[in-house]
Amino acid sequence: MAPLNLDKNTFPQVKIGEMALTAMLSLCEQAAHLETGGILVGSYSADGALAHVNEALGPPPGSQSTPTEFTRNTGLSKALQRRWPEQQYYLGEWHSHPRGRTSPSRQDRRQMAKIGNDASYCCPNPILIIMARSRDDWTLGLWVLIDGKLRRAKEATCDA
Ligand SMILES: [Zn+2]
């Protein structure tokens with residue numbers, strides 16, 4: 001797949017599929033007070049204006065979780081390769097902030113900028129989903145890297 005370059009004037013929309021949402025919520029519940037996360041897999045519309053997140057994978061073995069930090073082990077390329085024939089690609093990252101907000105930390109911003117610049121990801125505009133807990137509810141923060149900066153993205157209606 002040719003790397004997608006989003007038109008700077010077209011604010012991208014992101015559609016989060018039910019399967020991805022369910023997976024993130026259940027991984028967040030399992031991880032309880034620890035951060036957890038993984039990668040987002042899906043596809044883009046032909047014009048690139050809509051990203052469709054179909055799957056949210058859990059942490060690969062060797063990832064590190066603390067209450068305030070999640071470091072994903074870079075062991076997901078196999079999982080991604082298996083999905084290429086189905087035209088499902090790396091779209092970005094997700095992780096939880098069990099006691100935090102839906103906004104990215106300074107480290108989150110740095111990490112996403114690094115991914116956008118890393119040719120091996122083929123993803124100049126990676127998506128970042130942050131699942132933040134307040135009391136018993138999880139709120140989803142949706143971000144897209146544009147021109148090296150994370151900006152809040154619009155969520156298109158969820159697929160049932
Ligand atoms: Zn974070």
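In this report, we go over the structure that sits alongside the text.

Here we look at the overall build of the chain
In step 1: For the chain, the count of helices and strands is three helices and 10 strands.
In step 2: Moving toward the C terminus, one meets the helices and strands of the chain in the order β-α-β-β-β-β-α-β-α-β-β-β-β.
In step 3: Taking the contacts inside the chain whose residues are at least 6 apart along the sequence as the reference set, 67% of them involve residues at least 24 apart.
In step 4: By element, 49% of the accessible surface of the chain is carried by carbon and sulfur atoms, the whole surface being about 8800 Å².

Describing unusual backbone geometry
In step 1: Phi angles above zero are rare outside glycine, and Ala32 is one such case at about 50 degrees.
In step 2: With respect to the helices and strands, Ala32 occurs in the loop between helix H1 (18–31) and strand S2 (37–44).
In step 3: Not every positive phi belongs to a glycine, and Cys122 is a case in point at roughly 50 degrees.
In step 4: Relative to the helices and strands, Cys122 is located in the loop between helix H3 (106–117) and strand S7 (127–134).

Quick word on the coordination of the zinc ion
In step 1: Coordination of the zinc ion by the protein comes from His95 (NE2), His97 (NE2), Asp108 (OD) and Asp108 (OD), over a distance range of 2.0 to 2.7 Å.
In step 2: Relative to the metal, the four donor atoms surrounding the zinc ion lie at angles of 53 to 161 degrees, and the coordination shape comes out irregular.

Comments concerning the side chain of Ser96
In step 1: Its location among the elements puts Ser96 in strand S6 (residues 89–97).
In step 2: Ignoring anything within four residues of it in the chain, the contact list for Ser96 reads Cys28, Leu34, Glu35, Thr36, Met131 and Trp138.

Brief notes about H1
For an α-helix, the turn length of 3.6 residues means that residues three or four places apart are oriented alike.
In step 1: Look at H1: 20 Å from first C-alpha to last across 14 residues, which is about the 20 Å you get at 1.5 Å a residue.
In step 2: Among all positions in H1, only Ala20, Met24, Leu27, Cys28 and Ala31 are buried. Taken end-on, H1 shows its buried residues confined to a sector of 100 degrees, consistent with a single buried face. Turned more than 90 degrees from where H1 packs its buried face, Met19 and Gln30 sit exposed.

Brief notes about the packing of aromatic side chains
Each aromatic ring pair is specified by the distance between its two centres and by the angle formed by the two planes.
In step 1: Under the defined criterion, the tally for this structure stands at one aromatic pair.
In step 2: The positively charged end of Arg109 is found above the aromatic ring belonging to Trp143, 5.9 Å away from the centroid.

Brief notes about H3
In step 1: In this model, H3 (12 residues) spans 17 Å end to end at C-alpha, consistent with the 16 Å of a helix rising 1.5 Å per residue.
In step 2: Of all the positions in H3, only Asp108, Met112, Ala113, Ile115 and Gly116 are classed as buried. Buried residues of H3 fall within an arc of 160 degrees about the axis and therefore sit on the same side. Projecting away from the buried face of H3 at angles above 90 degrees are the exposed residues Arg106, Arg110, Lys114 and Asn117.
In step 3: Tucked inside the fold, the buried residues of H3 contact S6, S7, strand S8 (137–146) and strand S9 (149–152).

Examining the environment of Arg151
In step 1: Tracing the chain through its elements places Arg151 in strand S9.
In step 2: With a relative accessible area of 34%, Arg151 lands in the partly exposed category.
In step 3: The sequence separation of Arg151 and Leu128 amounts to 23 residues, and the corresponding C-alpha distance is 9.6 Å.

Describing the environment of Trp94
In step 1: Mapped onto the elements, Trp94 comes out in strand S6.
In step 2: Along the primary structure Trp94 and Leu57 are separated by 37 residues, whereas in three dimensions their C-alpha atoms are 8.9 Å apart.
In step 3: In this structure the side chain of Trp94 is engaged in a polar contact, spanning 2.9 Å, whose partner is the backbone oxygen of Leu57.

What counts and how
- Residues numbered from 1 in each chain as written.
- Predicted model: local features only at pLDDT ≥ 70, side-chain atom pairs only at ≥ 80, totals over all residues.
- Heavy atoms only, no water.
- Helix = DSSP H or I, 4+ residues; strand = E, 2+ residues; numbered from the N terminus.
- Contact = heavy atoms within 4.5 Å.
- Areas by Shrake-Rupley, 256 points an atom, 1.4 Å probe, with all protein chains shown as cover.
- Donors = N, O, S within 2.8 Å, 3.2 Å for Na, K, Ca; no water.
- Tetrahedral: all angles 85-135°; square planar, octahedral: opposite > 155°, others 65-115°.
- Expected span 1.5 Å × (residues − 1).
- Buried < 20%, exposed > 50% of the residue type's maximum accessible area, 1.4 Å probe, protein only.
- Arc of directions from axis to C-beta.
- Phe/Tyr/Trp six-rings, centres within 6.5 Å; stacked < 30°, edge-to-face > 60°.
- Lys NZ or Arg CZ within 6 Å of the ring centre and 35° of its normal.
- Polar contact = N/O pair within 3.5 Å; in protein donor to acceptor, adjacent residues only side chain to side chain.

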